[in-house]
Amino acid sequence: MNFTEWFIFFLVIQVLHFLGTWKLYVKAGRKAWEAAIPIYNGIILMQIINRPKWWVILLFIPVVNLLMFPVIWIETIRTFGFYKKLDSLLVILTLGLYIFYINYTTDAEYNAERSLKPRSEFGEWVSSITFAIIAATLVHTYFMQPFTIPTSSLEKSLLVGDYLFVSKFHYGARVPSTVIALPMVHDSIPLTKSPSYLKKPQLPYTRLPGLQNIKNNDIVCFNWPADTLATMWGDTSGKFTYKPVDKKTNYVKRSVGIAGDSLELRDGYVYINGKKNELPDRAKIQFYYTYEAKSTIDSNTFPEFLIKKERTGVYRILSEYWNNSKVQEAIKQNGNLSKISSDSLYTEVAGGINPEFARRLKMESVSNKININLTEDEAILLKKQPQTVSVKKLNFGADNSIFPHIESNQWSQDNFGPIYIPKAGATVKLDAATLPYYKQIIKNYENNDLAIVGDAIFINGEKADSYTFKQDYYWLMGDNRHNSLDARYWGYVPFDHVLGKPVLIWWSWDANAASFGEKLKSIRWNRIFSTVGGDGAPVSYRYLVFGLIALYIGYSVFKGKKKATKK
């Protein structure tokens, strides 16, 4: 729905409100016309039901208003004497239309002095829970959202098992386009695969003003653009289904390139406008290296600092088992195996693996050569080990899955570009050579009708040899360069897909630990209540936060005892 359609919808709602309540307004001593004036009618209704006028604001905030409307309906009918549970149930099930019945067919009497206190302990509990959910939804949607790190693509800066607070206001809170959805739930209902939202109606994209723009190397939380775009991958199977932007999968990556930059990748390192990108000191790039030792590698000879880092065994997977489709499926379900280069089937098993699972796959101890995911500092340290013969960084070859999926480019995850990152208002030339870079933007991100007839390009029915971008785009990548699904595969991220900026780690433990007890033992106390950005080693403010919580609890207990003494 565009803004015009939404305005018409808004007017229809106002007409329904007038038709369903004007008699009630009159019974409350107001004028009938006051029920017909948009916004003003809401303010008068708050006076009638004896509720704060600022509640009207909540009725116009998407998602939050889904919770507020039932509250207003119930408050309205109770103000006119309908207190029964059945009445409350009916007004909710009929989406407020039960008020028509009260307005036209009953002798409802206005009770201006009715008690606003719930009539039972259960009612008080429901009221408290409802407004707690409303407040949490408001904060979650427009100010700060909790988020967890599920993958190691930003390892060192953010770890698997970090729980973050993502600020919505740094880049400007995005007003939800999906207006009918469960509060504080993303794309599916917990414990089920059922969608938590309705695809229609949809609000046009709107964003509140932000405090800052996205800068180079900012860590950004966003909705994954490739989540539902089958054509991005050349897939015509139909396995991808449409999702609204705000319900696409949440991702977090580093914005190595921003709108207007020219970006290139050389041997895995990013160059912006011809200059090598300098990452913050907390960021540590990782690559896969082939490690060759003087003797067989096992848990006794594997470098101790790496065993501590990986918490893992080291295995060789026999090729006849590795190529078996059932084995591959079992690997996906039971363990996340690191990438294996073309010259070797040797690998370490990231995150640990069940020994029985390894036995069933007939994994064996490796001989003297494996691939290991390392930072540059770790690679230097490994080279100095007495058992080491060589440590060579892998450099992956041409891969057609690399954006924009042009085989003749011969681009790889380590070497590609230069590529221009579109900026709002900038114009680029369009022809057969440049169209693959901007096709998804024109058609899917900026919602134009795109057609190609021979060598001619038509946009919205008109022949075009250029295109002007409507919004900014970003190039988002992981620091774990050989273990990150990022912009190298799916291209640009539009600004309307940006969710927010991670600002605080409020909890951290090893999410891959085998049991809850093991997870408790793995709590990373030095990361709890530490900031995501900044220079130097992260500083934990947990003692300050825990101290403030303890003071608040102590004050609450003291206040409660003092109140009880007065009684």
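Quick caveat: nothing in here was measured; it's all calculated off a predicted structure.

Describing the confidence of the model for the chain
Per-residue pLDDT for the chain has a mean of 83; in total, 85% of the residues score no lower than 70. The least confident element of the chain, judged by mean pLDDT, is strand 13 (residues 346–350) at 40; the most confident is strand 22 (residues 473–477) at 97. The low-confidence segment residues 310–322, where pLDDT is below 50, has 48 contacts with residues more than four positions distant or belonging to other chains. Contacts from residues 334–365, a stretch scored under 50 in pLDDT, to residues over four places away or in other chains number 76 contacts.

Looking at the pattern of salt bridges
Counted according to the given criterion, the structure contains 12 salt bridges. A network of salt bridges, in which partner residues are shared, links Arg51, Glu75 and Arg114.

Some details on the environment of Trp224
Positionally, Trp224 belongs in the loop between strand 5 (218–223) and strand 6 (250–257). Note on Trp224: relative accessible area 13%, which makes it buried. Here the alpha-carbon distance between Trp224 and Asn250, two residues 26 residues apart in the chain, equals 6.1 Å.

Considerations on unusual backbone geometry
Peptide bonds are mostly trans, and most non-glycine residues show a negative phi. A cis amide bond links Lys200 to the next residue, Pro201, at an omega of 0°. Following the sequence through the fold, Pro201 ends up in the loop between strand 3 (174–175) and strand 4 (206–207). A cis amide bond links Phe403 with the next residue in sequence, Pro404, at an omega value of 0°. Looking at the element boundaries, Pro404 is found in the loop between strand 15 (388–393) and strand 16 (416–420). Of note, Asn273 is a non-glycine position whose phi angle comes to about 50°, a positive value. Residue position: Asn273 is located in the loop between strand 8 (269–272) and strand 9 (275–276).

A look at the environment of Val160
Residue placement: Val160 occurs in the loop between strand 1 (144–148) and strand 2 (162–167). Placed 352 residues apart in sequence, Val160 and Asn512 show a C-alpha to C-alpha distance of 8.2 Å. Not counting residues up to four positions away in its chain, the partners in contact with Val160 are Ile149, Pro150, Thr151, Ser152, Glu155, Trp509, Ala511, Asn512 and Arg524.

Re a nonpolar patch on the surface
A cluster of nonpolar side chains, contributed by Phe122, Trp125, Val126, Ile129, Ile133 and Met184, occupies part of the molecular surface with about 560 Å² of accessible area. As for its placement among the helices and strands, Met184 is situated in the loop between strand 3 and strand 4.

Calculation criteria
- Residues numbered from 1 in each chain as written.
- Predicted model: local features only at pLDDT ≥ 70, side-chain atom pairs only at ≥ 80, totals over all residues.
- Heavy atoms only, no water.
- pLDDT = per-residue confidence, 0-100.
- Helix = DSSP H or I, 4+ residues; strand = E, 2+ residues; numbered from the N terminus.
- Contact = heavy atoms within 4.5 Å.
- Salt bridge = Lys/Arg side-chain N within 4 Å of Asp/Glu carboxyl O.
- Buried < 20%, exposed > 50% of the residue type's maximum accessible area, 1.4 Å probe, protein only.
- Patch = residues over 30% accessible without salt bridge, like charges linked within 9 Å, V, L, I, M, F, W, Y side chains within 5 Å.
- Areas by Shrake-Rupley, 256 points an atom, 1.4 Å probe, with all protein chains shown as cover.

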